[in-house]
Amino acid sequence: MNGQTILVTGGTGYIGSHACVELLTAGYQVVVVDNLSNSKVEPLRRLEQITGKTLQFYEADIRDKKALTEIFDREPIGAVMHFAGLKAVGESCRQPLSYYHNNVYGTMVLAEAMAEANVKQLVFSSSATVYGESTSVQYVEDFPLGAINPYGRSKLMIEEILRDLSAADAINGAQSPWKIALLRYFNPIGAHESGLIGEDPNGIPNNLMPYVSQVAIGKLAQLSVFGDDYPTRDGTGVRDYIHVVDLVKGHIKALEALQGEKFKSGGCKAYNLGTGRGYSVLDIIKTFEAVTGRKVNYKIGPRRAGDLPEYFANAELAYKELGWKAEKNLDDMVADTWNWQCKNPQGYV
Ligand code: NAD
Ligand code: UFG
């Protein structure tokens, strides 16, 4: 609803900052809560520059109930987009408790504060990692779930908690029931076309795209391709890469759907956000070289533990029920990543 105030948790992060741009552009008011554990405030200044609008920022942890309650008391919040959380798979295996505390407990505290303030519309950042073993590489929302690392399990646990909350409202006949969209992201990459905001990973990137662009600009010497003996068309891993701006547009569509006929009586529903196309690691390297004219120095290395050979989204449900589909292609994703990388070689400094 135009003019409504949206609380964006994790709004200074990579995806949250892009969501703020879309929300402000669409006429929403925005309140950001972030503890800056993996981000800086600079993206807020820049996104205000992009949109010509301002937002309200609170430096707070979503596990701090008192701080959240004060924010809900002070701001006329109508709905929440919840991006705050830890997201590195490898780190989650080394520090599982931090992941469960930040992600699962953090979401429980947020949900409690929301319920107490009677704000029961929530768009949640889930992930394709919640899918379990499957016979098809094109994931559909009703496939069996089952994560294989603490990060993925934290997302799955949150999904279950939110489903339970919604089911409880149905049992109790709640007057204003929870309306929840669980958005299962595939592989978000790219940056805002202005090059003012983008992904600013701490230290050496874990993910393919930021690694490739840091090799292309000369910050890193060589990319290691994690295995070329997978049962895929060129032997390297295949994923569904989605432009971050398309991804956050899906959040606006989900928010609108929560306020429409479909969720009139409440509910908690999962939607895949992907393009429906898979690209291999070698496809990414070739496209990167073609779009930027830079060489990407790489070598074939061993497989990375825990990686699946191939998966991509079936994104038909989001199209049918939210009226959303991804519009940008791989060339756009690469061009915008490169524009951000060239304009911000050291990230947000
Ligand atoms: P990010 O790290 O850039 O952003 C997350 C933000 O949350 C950061 O600004 C961080 O400081 C903040 N934060 C973390 N814990 C917090 C807490 N307890 N209280 C307040 N703020 C806290 O990550 P991102 O890539 O923008 O991801 C956003 C969300 O999307 C995350 O929940 C992530 O798990 C999910 N997701 C990301 C990907 C991806 O590939 N980037 C894929 C699937 C799902
Ligand atoms: N890869 C390399 N070399 C690298 C990095 C990655 O070859 O240096 C390969 C991987 O093996 C994989 C592909 O590039 O085949 C993509 O890997 P990413 O690390 O970029 O992404 P993942 O698919 O492993 O995981 C990402 C996020 C997770 C999220 C998941 C959801 O990192 O947080 O997408 O689908 F859960």
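Cut-offs and rules
Residues numbered from 1 in each chain as written. Chains lettered and ligands numbered in written order. Predicted model: local features only at pLDDT ≥ 70, side-chain atom pairs only at ≥ 80, totals over all residues. Heavy atoms only, no water. Pairing = 2+ DSSP bridges. Helix = DSSP H or I, 4+ residues; strand = E, 2+ residues; numbered from the N terminus. Axes fitted to C-alpha atoms, helices over the stretch in contact; angles between N-to-C directions. Near = heavy atom within 4 Å. Polar contact = N/O pair within 3.5 Å; in protein donor to acceptor, adjacent residues only side chain to side chain. Areas by Shrake-Rupley, 256 points an atom, 1.4 Å probe, with all protein chains shown as cover. Nonpolar A, V, L, I, M, F, W, Y, C, P; charged D, E, K, R; others polar. Salt bridge = Lys/Arg side-chain N within 4 Å of Asp/Glu carboxyl O. Buried < 20%, exposed > 50% of the residue type's maximum accessible area, 1.4 Å probe, protein only.

### Observations regarding the sheet that holds strand 3 (residues 56-59)
- Read from one edge to the other, the open sheet built from seven strands follows the order 3-2-1-4-5-7-12, with strand pairing classed as parallel. With one partner strand each, in any of the chains shown, strand 3 and strand 12 (267-273) form the two edges of the open sheet. Geometrically, the sheet is characterised by an average inter-axis angle of 20° between neighbouring strands, direction not taken into account.

### Thoughts on the site of ligand 1
- Lining the immediate environment of ligand 1, one finds 27 residues, of which Asp 34, Asn 38, Ser 39, Asn 102 and Tyr 151 sit closest.
- Within the contact set of ligand 1, an oxygen atom lies 2.9 Å away from a backbone nitrogen or oxygen of Tyr 14.
- In this structure, an oxygen atom belonging to ligand 1 sits 2.9 Å away from a side-chain N or O atom of Lys 155.
- Relative to its free-state accessible area of 820 Å², ligand 1 is covered by the protein chains to the extent of 95%.
- Listed by contribution, the elements that provide at least two residues to the shell around ligand 1 are helix 1 (14-25), strand 5 (121-127) and helix 6 (150-172).
- Take the shell around ligand 1: its biggest share by element is three residues, from strand 5.
- Each residue belonging to the shell around ligand 1 can be placed in one class, and the counts come to ten nonpolar, twelve polar and five charged.

### Remarks on the site of ligand 2
- As a structural note, the neighbourhood of ligand 2 is formed by 22 residues, with Thr 129, Asn 207, Phe 226, Arg 239 and Asp 307 the closest of them.
- A distance of 2.8 Å is found between an oxygen atom of ligand 2 and a backbone nitrogen or oxygen belonging to Leu 208.
- The backbone of Ser 224 places a nitrogen or oxygen atom 2.8 Å from a nitrogen atom of ligand 2.
- Look at ligand 2: alone it shows 690 Å² of surface, and the protein chains cover 91% of it.
- Of the residues contributing to the shell around ligand 2, the split by class is eleven nonpolar, seven polar and four charged.

### Some details on the pattern of salt bridges
- A complete count under the given rule lists 18 salt bridges for this structure.
- In this structure, Lys 65 and Glu 112 form a salt bridge, with 3.6 Å as the shortest nitrogen-oxygen distance. With Lys 65 in helix 3 (residues 65-74) and Glu 112 in helix 5 (residues 96-116), the pair connects residues that are 47 residues apart, well separated along the chain.
- Residue Lys 66 pairs with Glu 70 through a salt bridge whose shortest N-O separation is 3.5 Å. Taken together, the residues Lys 66 and Glu 70, both in helix 3 and four residues apart, mark about one turn of the helix.
- The exposure class of Lys 66 is exposed, given its relative accessible area of 62%.
- Taking relative accessible area as the criterion, Glu 70 reaches 37% and is therefore assigned partly exposed.
- Counted as one network, the salt bridges with shared partners bring together Glu 159, Glu 160, Arg 163 and Arg 184.

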